[in-house]
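For reference, the chains in residue letters:
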There are 2 protein chains.
Amino acid sequence: MEFELSKEYAEWLKSAIENQDTALIAESMANANPTDISSLLYEFNTQESKYIIELVPKEVGASIINHLDEDTRTKFLKNFTPQEIAQFIDYLDSDDAVDILNELPLVFREETIGALEDEEQSRYIQELLRYDEHTAGGLMAKELIKANINWTIVQCIDEIRRQAENVQKIYSVYVVDQKGKLLGRVSLKKIILAEDHAKIADIYDPEIITVESHMEEREVADIMQKYDLEAVPVVNLQGKLIGRITIDDILDVITDIQEEERQIMAGISEDVEEDDSVWMLTRARLPWLIIGIFGGLIAAEFYGLFEGDIAIIPALALFTPLITATGGNVGIQSSSIILQSLANKSAFEESFFQRIFRMILVAFLNGIVIASIVFGVVLLLGKPFTLAAVVGLALFSVVILASFLGTITPLILDRLGFNPALAAGPFITTANDLLGLAVYFSVAHLLYSL
Amino acid sequence: MEFELSKEYAEWLKSAIENQDTALIAESMANANPTDISSLLYEFNTQESKYIIELVPKEVGASIINHLDEDTRTKFLKNFTPQEIAQFIDYLDSDDAVDILNELPLVFREETIGALEDEEQSRYIQELLRYDEHTAGGLMAKELIKANINWTIVQCIDEIRRQAENVQKIYSVYVVDQKGKLLGRVSLKKIILAEDHAKIADIYDPEIITVESHMEEREVADIMQKYDLEAVPVVNLQGKLIGRITIDDILDVITDIQEEERQIMAGISEDVEEDDSVWMLTRARLPWLIIGIFGGLIAAEFYGLFEGDIAIIPALALFTPLITATGGNVGIQSSSIILQSLANKSAFEESFFQRIFRMILVAFLNGIVIASIVFGVVLLLGKPFTLAAVVGLALFSVVILASFLGTITPLILDRLGFNPALAAGPFITTANDLLGLAVYFSVAHLLYSL
């Protein structure tokens, strides 16, 4: 049976596992891409998955485990001994190895590292474990090709040959001095085209973009994207070359940041996926819903202060949804525009006051337009002039205030080191409901002189 | 003055331009990264920018223009003749060239292409212009290294030398047969390590992942991310190698999709940035606000049907913000969870009914919890039992209905070919306001038998 990502193959495999058709399974997997085998495993329980992984070469098994998502992998690895896991870890790049080890319970992790056969790998791992996961140091791999500036091309090629099996993807060779200080790079293309006796010193490119080990992953992503880099060398404070970050890891960083932001904006408090357990999904959604509930209850209490007004002018109540909804929409719009410019910071930032000023202008224009539309329509609906005026004026004020809140909240959160996306979530809508009611009834009191 | 991205340098440059210090400026830019010069140009008007670009070598100028954002570039290129632009286009990779040409007015574009000196480039461009921008064909570049399967390594290296200046970044050499059909690839690493007399046929890797020219950019991005590819070859229906997509273009695709999604979720109808003109920002924000307004006005009219009830039980009004806000929050949560699983489709999808069933379960749990909290608190606030019951029951029903809407809307939009993110935007909140009111007052009628 030919390997393919299909229900048919999955079913064939299930029965093959039951009948212990070891040979058949191994054969059908022989040419399969490890990544595809990973996707297939989501259809199998951990025992079946273990059975499959033990049938393929350790190197393939390592890559399969590496491509599983974190939750699945954590569950899955519970069925292995530290010694078994170590055998796979030996085949992984140091950065992937560390990511997986970080998911293991501390003691278990120590035992696994202890059981590694490849000493260089275990040295690499112990160094990488010292860096915060979300910094350049936490993203980098130790596998890279280094060439001394005094070498010739031939020496450089020997080094590539020596490292060939450790470093799967080589984009360029990094040039260092005696002390290991990074001086520049030579692309593989240049190496191929250079004469054998040519010296690195004569052909290397000293203009090289680097990142420091403590730099935040988000910043690293911006740099690699801005300069179209497929790999970036990591240096320590002394400028010594200590690792390399490849673009595939940055892609994952970018999508993780994106998903996290979407979840925050949607008021989801845990990293869940649609196919997670009902319990996990509930737990992820309840917190913000409950906060929203209390916001709503406060709104109700607050609203209660004006119960008298409604008793006198029941029509006042009718427009509260309009007011609160508009406040919410304006707030989300403003904050997400700020979010975007926080996400791609330019070299020349607008000052805080420029921002506020421009925001006020925009709000003013928006406010005028929608307030007059509503004022007109409410009159057309045959409501009294004062009511139309109250709704229109309240709407205008709400737009101004909501955009102000929506603009400063993310800026403040960012300044305080929180995720500014919080400001585009349920938080701002709840706040705006209260704000809307307050403004609405104050205006009503003003014009009705209740 | 040393080039740097700073206000100081920008000011120095401004004055240097006034004094026409051509030599000084050219010198200070000599070692600057073109990308950095692009970022700097945002601080300058189009005349100043043109002055700068004419001082640097054409190749650098081309790269500077290539790194400007679309709006700035469009404004900027208005100051050039087709002949002037063509000189820069000659230096760009075909994919970047096409992106820029697509931004020019049709006639102007034709003249520019006519003015190209590099005939190969103009052939490439005319071919690429035929593809839809958002497909693999629209992303690919024609520049790549091809080797015939019967060649030796030496012949392959000669080809690399011949193409060296056309193809800036080489990741691997693509192996084709006589007819140009793609057979596999050889990594540069393998080429460096191979013996000169070795044959491509003996060392190439036939297991290669490809994309077809008509594939959607989103899909291409998923594939390159899933398989950690830094470049992917593009083939036509006959399997002939016709181009290559590199990861830097995919990074831009991913961030564009992300920004578009955020804007849709925030109810912003145009691709705007915080520093766009007040007018643009207003134009981008008004449409959804106005739609929201009419939603609110309909809500008011609808609400009016129950004005009588409020006259009898004014307290009923107090909890409308709570009901509508909760409906909104639940709706956004549900739809954004669906959005996420639409974004990373797995090989084995849940069926529509599995999704709905699991969603109902989650909604049920959430509903029970917050309904009972609210029921309790309302009682504690000393409100009558019936009112507490109305609010609690209404809230429960709203949670169920809002998650149902939030779940099916993105699925339906996706099926119909619209962007499902629309379902996580103002659209769903507005719909939920109406839904909430309807449910709330129906329940009130039921329990109060008004």
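Residues numbered from 1 in each chain as written. Chains lettered and ligands numbered in written order. Predicted model: local features only at pLDDT ≥ 70, side-chain atom pairs only at ≥ 80, totals over all residues. Heavy atoms only, no water.

Enquirer: When you look at the overall build of chain A in this model, what are you seeing that I'm missing?
Expert: A tally of helices and strands in chain A yields 23 helices and six strands. Taken against the 2.2 N^0.38 rule, which gives 22 Å for 450 residues, the C-alpha radius of gyration of chain A at 30 Å runs more than 25% over that of a compact globule. Seen along its three principal axes, the alpha-carbon backbone of chain A occupies a region of about 90 × 65 × 40 Å. The buried share of chain A, taken over its 450 residues, is 57%. Looking at chain A alone, contacts between residues at least 24 apart form 65% of all its contacts between residues at least 6 apart. Accessible surface, chain A as shown: approximately 19200 Å² in total, 57% of it carbon and sulfur. Side chains of chain A give 33 positive and 68 negative charges; the mean places of these two sets differ by 6 Å. (Helix = DSSP H or I, 4+ residues; strand = E, 2+ residues; numbered from the N terminus. Rg over C-alpha atoms; globule rule 2.2 N^0.38 Å. Buried < 20%, exposed > 50% of the residue type's maximum accessible area, 1.4 Å probe, protein only. Contact = heavy atoms within 4.5 Å. Areas by Shrake-Rupley, 256 points an atom, 1.4 Å probe, with all protein chains shown as cover. Lys, Arg positive; Asp, Glu negative; His and termini not counted. Charge placed at Lys NZ, Arg CZ, Asp CG, Glu CD.)

Enquirer: Please clarify how the UniProt feature "transmembrane region" (unreviewed entry) in chain A should be interpreted in this entry.
Expert: Residues and elements named next belong to chain A. In the numbering used here, UniProt assigns the "transmembrane region" (unreviewed entry) feature to residues 286-306, 312-339, 360-381, 387-413 and 425-448. This span, residues 286-306, is 90% helix and 0% strand, and a straight line between its end C-alpha atoms measures 30 Å. Within residues 360-381, the helical portion is 95% and the strand portion 0%, while the C-alpha atoms at the span's ends are 31 Å from each other. (UniProt positions renumbered as here; feature names shortened; annotations may be inferred.)

Enquirer: Would you take a moment to explain the packing of aromatic side chains for this structure?
Expert: The way to describe two aromatic rings as a pair is by their centre distance and the angle between their planes. All names here are of chain A. Tallied over the full model, the rule gives 23 aromatic pairs over all chains. Residues Phe76 and Phe80 carry aromatic rings whose centres are separated by 5.0 Å and whose planes lie at 70° to one another, so their mutual orientation is edge-to-face. Using a relative accessible area of 2% as the deciding quantity, one classes Phe76 as buried. Phe80 sits in the buried class, given a relative accessible area of 4%. Ring centres of Phe80 and Phe88 lie 6.0 Å apart, and the angle between their planes is 85°; on these two criteria the pair is classed as edge-to-face. Classification of Phe88 as buried rests on a relative accessible area of 5%. By way of ring pairs, the aromatic residues Phe302, Tyr303, Phe306, Tyr440 and Phe441 are connected into one cluster. Positioned above the aromatic ring of Phe44, the side-chain terminus of Lys14 is 4.1 Å from the ring centre. (Phe/Tyr/Trp six-rings, centres within 6.5 Å; stacked < 30°, edge-to-face > 60°. Lys NZ or Arg CZ within 6 Å of the ring centre and 35° of its normal.)

Enquirer: What should I look at first to understand the interface of chain B and chain A in this one?
Expert: The figure often quoted for interface size is the accessible area lost as the parts come together. Each side of the interface is counted separately: chain B has 122 residues, and chain A has 121 residues. Interface area, chain B with chain A, both sides summed: about 10700 Å², of which 64% is carbon and sulfur. Looking only at chain B, the three residues that lose the most surface to chain A are B:Arg262, B:Glu274 and B:Phe348, adding up to 8% of its buried area. Seen at the junction of chain B and chain A, the total is ten salt bridges. (Buried area = accessible area lost by both parts, 1.4 Å probe. Salt bridge = Lys/Arg side-chain N within 4 Å of Asp/Glu carboxyl O.)

Enquirer: In this structure, what is going on with a nonpolar patch on the surface? I would like to understand it.
Expert: A contiguous nonpolar surface patch, about 270 Å² in accessible area, is contributed by A:Leu393, A:Leu446 and A:Leu447. Inspection of the secondary structure puts A:Leu446 in helix α23 (residues 426-448). (Patch = residues over 30% accessible without salt bridge, like charges linked within 9 Å, V, L, I, M, F, W, Y side chains within 5 Å.)

Enquirer: Please explain the relation of the copies chain B and chain A as it appears in this structure.
Expert: For the pair of chain copies, the relating operation is a rotation around an axis with a shift along it. It takes a turn of 180° to lay chain B on chain A, together with a shift of 0.0 Å along the axis; the resulting RMSD is 0.1 Å. Overall, the copies show the geometry of a two-fold rotation axis. When you check the interface residues of chain B against chain A, 99% turn up at the interface there too, and the contact is symmetric in its surfaces. (Least-squares fit on C-alpha atoms with pLDDT ≥ 70 in both.)

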